[in-house]
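Descriptive analysis of the structure
Each chain is listed here by its residues.
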Amino acid sequence: MIAYLGRIVHENDAESRPDDDVLSICNALDLQGSVEYGSADVAGKDFGGIHSVKPLAFVKPSGADDVSRLVKAASRSPNLTVAARGNGHSINGQAMANRGLVLDMRSLDHQDRFRVVRINGSDYADVSGGALWEDVLKRCLEFGLTPRSWTDYLSLTVGGTLSNAGVSGQTFRYGPQTSNVTELEVVTGKGETLVCSETENSDLFFSVLGGLGQFGIITRARVLLQPAPDMVRWIRVVYAEFEDFTRDAEFLVTQPEGKSFDYVEGFVFSNNDNPSTGRPTVPLSPDQTFNPSRLPPRSGSVLYCLELALHYRNTDRPSIDTAVNSLLRRLGFVEHLRFQVDVTYTDFLLRVKRAEEEAKANDVWESPHPWLNMFVSKSNVHEFDQVVFKNMLKDGVGGPMLIYPLLRSKWDNRTSVVLPEGEVFYLVGLLRFTPPQTKAPLVEKIVLENREIVQYCSSNGIDFKLYMPHYRSEEEWKRHFGNQWTRFVQRKANFDPMAILSPGQRIFSRIP
Ligand code: FAD
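The rules behind these values
Residues numbered from 1 in each chain as written. Predicted model: local features only at pLDDT ≥ 70, side-chain atom pairs only at ≥ 80, totals over all residues. Helix = DSSP H or I, 4+ residues; strand = E, 2+ residues; numbered from the N terminus. Rg over C-alpha atoms; globule rule 2.2 N^0.38 Å. Buried ≥ 20, exposed ≤ 12 C-beta atoms within 10 Å, placed from the backbone. Contact = placed C-beta atoms within 7 Å. Near = placed C-beta within 6 Å. Domains from an automatic or database assignment. pLDDT = per-residue confidence, 0-100. Core = buried A, V, L, I, M, F, W, Y, C linked by C-beta atoms within 7 Å. Pairing = 2+ DSSP bridges. Axes fitted to C-alpha atoms, helices over the stretch in contact; angles between N-to-C directions. UniProt positions renumbered as here; feature names shortened; annotations may be inferred. Arc of directions from axis to C-beta. Nonpolar A, V, L, I, M, F, W, Y, C, P; charged D, E, K, R; others polar. Expected span 1.5 Å × (residues − 1).

A few words now on the overall build of the protein. A count of helices and strands for the protein gives 16 helices and 18 strands. Computed over the C-alpha atoms, the radius of gyration of the protein is 23 Å, within 12% of the 24 Å expected from 2.2 N^0.38 for a compact globule of 512 residues. Seen along its three principal axes, the alpha-carbon backbone of the protein occupies a region of about 75 × 55 × 45 Å. For the protein, the proportion of its 512 residues judged to be buried stands at 46%. Sequence separation of 24 or more characterises 73% of the internal contacts of the protein that already satisfy a separation of 6 or more.

Right, let's talk about the site of the ligand for a bit. Inspection of the region around the ligand gives 35 residues, with Gly 86, Asp 152, Gly 159, Gly 160 and Gly 213 positioned closest. Residue contributions to the shell around the ligand reach at least three from each of two domains, namely domain 1 (2–106 + 494–505) and domain 2 (111–227).

Moving on: the confidence of the model for the protein. Interpretation of the predicted coordinates at a detailed level should be avoided for regions scoring low in pLDDT. Of all residues in the protein, 95% have pLDDT values of 70 or greater, and the mean over the chain is 94. This model gives residues 1–16 a pLDDT under 50, and the stretch forms 27 contacts once residues within four places in sequence are excluded. Note on the complex model: pTM 0.95, ipTM 0.99.

Next up on the list: the environment of Leu 204. Within the secondary structure, Leu 204 sits in helix α8 (residues 202–208). Separated by 18 residues in sequence, Leu 204 and Val 186 have C-alpha atoms that sit 8.4 Å apart. Not counting residues within four places of it along the chain, the set of residues in contact with Leu 204 comprises Val 186, Thr 188, Leu 194, Cys 196, Phe 215, Gly 216 and Phe 495.

In this structure, Val 82, Leu 101, Leu 103 and Val 376 are the most contacted members of the largest nonpolar core, which totals 126 residues. Counting residues per element, this core draws most heavily on strand β13 (residues 302–312), which supplies 9 residues.

With that settled, consider the sheet that holds strand β1 (residues 34–36). Overall, mixed pairing links the 4 strands, which are arranged β1-β2-β4-β3 in an open sheet. The open sheet terminates on both sides in strands that have one partner only, identified here as β1 and β3 (82–85). Here the strands of the sheet are splayed against their neighbours by 30° on average, with no regard to which way each runs. With 4 bridges joining them, β3 and strand β4 (residues 101–104) adopt parallel strand pairing. When the bridges of β4 are listed, Ala 83 appears paired with Val 102.

Moving on: the UniProt feature "domain: FAD-binding PCMH-type" (unreviewed entry) in the protein. Those places that UniProt annotates as "domain: FAD-binding PCMH-type" (unreviewed entry) correspond, in this numbering, to residues 51–228. For residues 51–228, the end-to-end C-alpha separation is 39 Å, with 21% helix and 29% strand making up the annotated structure.

Next up on the list: the environment of Glu 134. Note on placement: Glu 134 falls in helix α5 (residues 133–141). We classify Glu 134 as partly exposed; it has 16 C-beta atoms within 10 Å. Excluding its chain neighbours within four sequence positions, the residues that come into contact with Glu 134 are Leu 154, Ser 155 and Leu 350.

Now for helix α13 (residues 381–392). Looking only at α13, the buried set comprises Val 381, Phe 384, Asp 385, Val 388 and Phe 389. Viewed end-on, α13 has its buried residues packed into an arc of 110°, placing them on one side of the element. In α13, those exposed residues whose orientation departs by more than 90 degrees from the buried face are His 382, Gln 386 and Asn 391.

We now examine the domain arrangement of the protein. Taken as a whole, the protein is organised into domain 1 (2–106 + 494–505), domain 2 (111–227) and domain 3 (231–466). Between the C-alpha centres of domain 1 and domain 3 the distance comes to 37 Å. Taken together, the contact between domain 1 and domain 3 spans 5 residues of the former and 7 residues of the latter. Of the residues that constitute the side of domain 1 that touches domain 3, the class distribution is 3 nonpolar, 2 polar and no charged.

The next point concerns the pairing of strand β6 (residues 122–128). With 5 bridges joining them, strand β5 (residues 115–119) and β6 adopt antiparallel strand pairing. Paired with Arg 115 across the two strands is Asp 126, which belongs to β6. In this antiparallel pair of consecutive strands, β5 and β6, the connection spans 2 residues, and Asn 120 shows a positive phi of 45°. Pairing geometry for β6 and strand β10 (residues 216–227), over 5 bridges, is antiparallel. If you follow Val 127 over to β10, its bridge partner there is Ala 221.

Turning our attention to helix α9 (residues 242–253). The periodicity of an α-helix, 3.6 residues per turn, causes residues three or four positions apart to be oriented the same way. When the terminal C-alpha atoms of α9 are compared, their 16 Å separation across 12 residues agrees well with the 16 Å that a helix rising 1.5 Å per residue should span. Considered for burial, the residues of α9 that qualify are Phe 242, Phe 245, Thr 246, Asp 248, Ala 249, Leu 252 and Val 253. An end-on view of α9 places all buried positions within 165° of arc, on one side of the element. Buried residues in α9 make contact with α7 (171–174), β11 (231–239), β12 (263–270), β13, α13 and β16 (401–407).

What follows is about the sheet that holds β12. Spatial strand order, β14-β11-β13-β12-β16-β17-β15-β18: 8 strands in an open sheet with antiparallel pairing. Of all strands in the sheet, those bounded by a partner on one side alone are β14 (338–344) and β18 (464–466). Between one strand axis and the next, the sheet turns by 20° as a mean value, whatever way the strands run. The pairing of β16 with strand β17 (residues 424–430) spans 7 bridges and is classified as antiparallel. Of the residues in β17, the one forming a bridge with Leu 406 is Phe 425.

So this is what it looks like as structure tokens:
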């Protein structure tokens, strides 16, 4: 086996025929899964559409055993790396492996790997690390149950979001998805398969959560569940002033459970008729229109929308208006600029899938997405609004600009995620869409614009962290992790000492 791997890497350096060699490897490893030759191209691309590299092979492991064999085999070679690929929805090549093995984690997901377990009166779903959250939802609903903490879009994998954090409008209450799993099965960079939790192999458990794929490959996760509601009242209200928007958003996320909405998000939009970035993005159904004459006379070129949702059961339908009105009465949005619809819980959670279908129909789903996501401290968010939203981005980003508050106390500081200081911080998501067939120069220009925003924040003492970070130098990674850098490096030494895993994050170099 070692001889095979040595040959692969050397021969491949000379641009030989990798497919035959990979076939030899996989035969020698006696994998239950398969190697996909034709689709290796897929493994060299991601949603960002900015980077592409050529992997040696795209392997479809059938379970943790296969994953372990592949990692062990890589460790016996001088320079082979292994990247778990969830659904490839990263922006900057984080799930890629240049001339390494890319593992299609979705091939681990089989219906029979899903089960619901009840432990000490609470319900959990055991799910594959490669399962899409939309499938987890579907399966849990069959039991009348649902995970508590989501992402906005559900065609993402469990292992992929847990390697970052997984945030959405429920995070203020339940914490990110990393705060809502209690046990993982992980294949480390040494190829060991371990079960870990807060009490068993706890260092591995907390390392892997938010660990950017650096310490192990998540093959199974135990996700905390709660009873599923039937319906959702989905609401959008408009603000002309950032101060009013943040006051109300922060008020809602700091209320106790039962005294607020179940979901709180927000976004910035342009005060114009642009269908992708302006006022038409606010109404929730085709029969609703945004009447700009309702806006205060001195409204600026940028406006804010608070997006809210309240869950209910069909039997609670008669009282939902009262519940919603008593919450909305406490808010200071622009009168009459309120939009609402009632949708099923599933339709609400799958709302971005509809946007995906539209984007696909308009050919903009496949074009590059130079997205920038960050966490900005409450103490600097007003300055951020003045400089970034009202100035640098006053013409929008071709897609949504999300901004909503989160609470640090709902995050576990033992995980590998790093956050700004202070209890309240904001998720800022610049979800840029580019026109079909966008050429490289435009993408480079947008990437540069993102860098200027980050540069502005760094040079002006804004307390922020990139979410789904992307850096090129060790210096930048050190700055990103701050006083957690030593811990991150130590974790790497413990669990992936040869730096085999997730090379696309570009944090560590493979050690021969
Ligand atoms: P990939 O992009 O394939 O992988 C991400 C990283 O995790 C890579 O380094 C990879 O090697 C590693 N990895 C993948 N699987 C595993 C595993 N099983 N074990 C260990 N490491 C693994 N994020 C949010 O938090 N909230 C949102 O609302 C949200 N909305 C999004 C909407 C869209 C349309 C898109 C494209 C992305 C969104 N994201 C959101 C970002 C998303 O969380 C990341 O893209 C994340 O990486 C998950 O995507 P993925 O499953 O495709 O993982």
